[in-house]
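Observations on chain architecture
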Amino acid sequence: MKRNFLFTAVSIGSRLLTGLVIFVLLARLWGPHDFGMFSFVFSVSALLALIVDFGFASYILRELGAEPRSAVRLIKNAFWAKLSLLLIFVLAATGLWAFLGTSVLPLELALPLLLAAAALSFADFFVAPLRALGRYDAETGIVTSTNALQFVIAGSVAWSGGSPTTVAWAFVASRMFYLALAIHVLYRVIPSLSLGGIDADAPRQTFKRVWSYGIDGALTTAWGQLDVIVVRALYGTQAVGIYAAGQKIIQGVSALAPVVGNVMIPKLASQAKSCDPRFQRTAFLTAGAMLGIGSLFAAPMLAMPEQISSFLFGNKFQGLGQLLPLFALILGLKYLAAGSGIVITSAGLQAKRVITQFVAMTVFAALITLVFHKGLDIKFFLMAYVFSMLVTALLNARYWLQFSGSKVL
């Protein structure tokens, strides 16, 4: 277990290069306006990629953890179901671009970021079985090398004066390499894997099993991307650049959450399926570890926000320091919600997470409507985000307790 945590920690740590450090570099080099435009289109691309994501990586992680002997069948069926969503992804992207226009969604920036998002989605899909099968060493090698490559390529392009568009194409190059390497390694780990010869009804059956993962994954990712789009609509490009700088800190630190989740979901799923009496103890350890990680990173943002803002982003991002304490509360609550979310996913209650996310998103939408009508500033927007994350954490905990009370392990 310790070895798996170590491999996963190295893997996720390397994601910080692309999830936080590279965006800090881009923000310092470009300033709020260009960084705001890049972050906005990046968020739109990530949201559209949810169509093809549809929770397949989480589905594979959980299902293989519970039924490792079904690896070939599960991967093949899930792959074809995922592939069938590509056409919808393309049509949705085309329709959105036509609706918003090039002034809001520049094609020269949107095209590479959409390609990069699709490549990342399929690469993560092919990496997920490695975690479920306990091959954390293989996953670490793939993720570490490809994230380092992306950091070097994108960072070098930006440092040499590259525009948001050229950096976006650098993202495409590194993520295509990630996809190719993930497929190659998975075939070496599972030599019997074949993606051909699928039953005609298999994708439909897979969708019946994966829908809850897809909706939950979509709503979870929406928390990390939709806010940028709303801030852009409410407060403009300059404001979204400052907001996105704080948001990237949250996203970067949140990338550490899978250090716990990737290791514990297969273990918890196996214990839940076999009614192992150790399930509750493992669940509490998992939730406690998540809360500890969130608190560790939130504390400095609460204690010295101005210093962190100045150190990371410089003087161009005036006003960010006043927002960081609210971002810290969001981060802590995200980890609290994620800890209990891991437990209920492992227990097979993924549909309950969908309810949680839907309720919290509804609360968030209602509060944002109030912010808009009252003309309140961005601090109130963040307060609405904080309250919505609290709703998520409380509802996840409620379903966990219900499961504990209804099932004797």
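Residues numbered from 1 in each chain as written. Predicted model: local features only at pLDDT ≥ 70, side-chain atom pairs only at ≥ 80, totals over all residues. Heavy atoms only, no water.

Looking at the overall build of the protein
Of the regular secondary structure elements, the protein holds 16 helices and zero strands. A total of 409 residues make up the protein; the buried ones form 54% of that total. In the protein, 84% of the contacts between residues at least 6 apart in sequence involve partners at least 24 apart. (Helix = DSSP H or I, 4+ residues; strand = E, 2+ residues; numbered from the N terminus. Buried < 20%, exposed > 50% of the residue type's maximum accessible area, 1.4 Å probe, protein only. Contact = heavy atoms within 4.5 Å.)

Regarding helix α13 (residues 305-313)
By the burial criterion, the buried members of α13 are P305, I308, S309 and F313. Projected onto a plane normal to the axis of α13, the buried residues spread over an arc of 100 degrees and lie on a single side. Across α13 from its buried face, at more than 90 degrees, point the exposed residues Q307 and F311. Positioned one or two residues after α13, G314 has a phi angle of 80 degrees, which is positive. (Arc of directions from axis to C-beta.)

So, the nonpolar core
L26, F38, I60, F126, Y243, M301 and F327 are the most contacted members of the largest nonpolar core, which totals 123 residues. If one sorts the elements of this core by residue count, helix α6 (residues 107-132) sits on top with 15 residues. M301 has contacts with I249, I250, I308, L324, P325, F327, A328 and L331, leaving out every residue within four places of it along the chain. (Core = buried A, V, L, I, M, F, W, Y, C linked by side-chain atoms within 4.5 Å.)

As for the packing of helix α2 (residues 32-53) against helix α5 (residues 86-100)
Here α2 crosses α5 at 150 degrees, and the two axes come no closer than 8 Å. Viewed along their axes, α2 and α5 adopt a mutual orientation that is roughly antiparallel. Judged by the sense of rotation from one axis to the other, the crossing of α2 with α5 is right-handed. Judged by residue contacts, V44, L48, A49, I51 and V52 of α2 engage L86, I88, F89, A92, A93 and L96 from α5. Classifying every residue of the contact of α2 with α5 by side-chain character gives 11 nonpolar, no polar and no charged. (Axes fitted to C-alpha atoms, helices over the stretch in contact; angles between N-to-C directions. Parallel < 35°, antiparallel > 145°, perpendicular 65-115°, else oblique. Left-handed = near helix turned anticlockwise from the far one by under 90°. Nonpolar A, V, L, I, M, F, W, Y, C, P; charged D, E, K, R; others polar.)

Quick notes on a nonpolar patch on the surface
Taken together, L107, L111, L115 and W169 make up a surface patch of nonpolar side chains, about 360 Å² in accessible area. For the nonpolar patch, the leading source of residues is α6, giving three residues. (Patch = residues over 30% accessible without salt bridge, like charges linked within 9 Å, V, L, I, M, F, W, Y side chains within 5 Å. Areas by Shrake-Rupley, 256 points an atom, 1.4 Å probe, with all protein chains shown as cover. Salt bridge = Lys/Arg side-chain N within 4 Å of Asp/Glu carboxyl O.)

Overview of the packing of aromatic side chains
Across all of its chains, the model carries 21 aromatic pairs by this definition. Ring centres 5.2 Å apart and planes at 80 degrees place the aromatic pair F125 and F126 in the edge-to-face group. The exposure classification of F125 matches that of F126, with both residues buried. What links up through ring pairs into an aromatic cluster is the set F23, W30, F35, F38, F42, F171, F313 and F317. The ring of F23 carries the charged tip of K248 above its face, separated from the ring centre by 4.2 Å. (Phe/Tyr/Trp six-rings, centres within 6.5 Å; stacked < 30°, edge-to-face > 60°. Lys NZ or Arg CZ within 6 Å of the ring centre and 35° of its normal.)

So, the packing of α6 against helix α7 (residues 136-159)
Packing of α6 against α7 brings their axes to within 7 Å, and their N-to-C directions diverge by 150 degrees. Here α6 contributes V127, L130 and R131 to the contact with α7, which in turn contributes Y136, A138, E139 and I142. Taken together, the residues of the contact of α6 with α7 break down into five nonpolar, no polar and two charged.

Comments concerning α6
One turn of an α-helix holds 3.6 residues; hence residues three or four places apart share an orientation. In a regular helix each residue adds 1.5 Å, so 26 residues correspond to 38 Å; α6 covers 38 Å between its end C-alpha atoms and thus fits that length. By the criterion of burial, α6 is predominantly enclosed, with 20 of the 26 residues buried. Following α6 by one or two positions, G134 has its phi on the positive side, about 80 degrees. (Expected span 1.5 Å × (residues − 1).)

Focus on the layout of surface pockets
It is a probe the size of a water molecule, rolled over the atoms, that shows where empty space is left. By volume, the largest pocket is sized at about 370 Å³. Lining the largest pocket are 20 residues; nearest its centre among them are F89, V90, L111, L114 and L115. Those elements that provide at least two residues to the lining of the largest pocket are α5, α6 and α8 (164-189). When residues of the lining of the largest pocket are assigned to their parent elements, the largest contribution, nine residues, is made by α6. (1 Å grid on protein atoms, 1.4 Å probe; cavity = no way out; pocket = protein on both sides within 12 Å on 5 of 7 lines; lining within 4 Å. Points joined across faces, edges and corners; volume = space filled by probe spheres on them.)

Remarks on the environment of L219
Checked against the element boundaries, L219 lands in helix α9 (residues 202-235). Residues within four places of L219 in sequence aside, it is in contact with V354, Q357, F358 and M361.

Focus on the environment of L376
Looking at the secondary structure, you find L376 in the loop between α15 (350-374) and α16 (378-406). Judged by relative accessible area, which is 26%, L376 ranks as partly exposed. Taking C-alpha positions, L376 is 9.9 Å from L234, a pair spaced 142 residues apart along the chain. When neighbours within four sequence positions are excluded, L376 is seen to be in contact with Y235 and V371.

Examining the side chain of D227
Here D227 lies in helix α9. Comment: no salt bridge for buried D227; closest opposite-charge side chain is K334, at 7.4 Å. Of note is the side chain of D227, whose polar atom sits 3.2 Å from the side chain of Q247. In this structure D227 touches A222, Y243, Q247, F381 and Y385, once residues within four positions along its chain are discounted. (Lys, Arg positive; Asp, Glu negative; His and termini not counted. Polar contact = N/O pair within 3.5 Å; in protein donor to acceptor, adjacent residues only side chain to side chain.)

A closer look at the confidence of the model for the protein
Of the residues in the protein, 88% reach a pLDDT of 70 or more, and the chain-wide mean stands at 82. Highest mean pLDDT in the protein belongs to α8 (92); lowest belongs to helix α11 (residues 257-273) (70). (pLDDT = per-residue confidence, 0-100.)

Structural notes on the environment of V386
Tracing the sequence through the fold places V386 in helix α16. Those residues within four positions of V386 in sequence are excluded, and the remaining contacts are L326, L329, I330 and L333.

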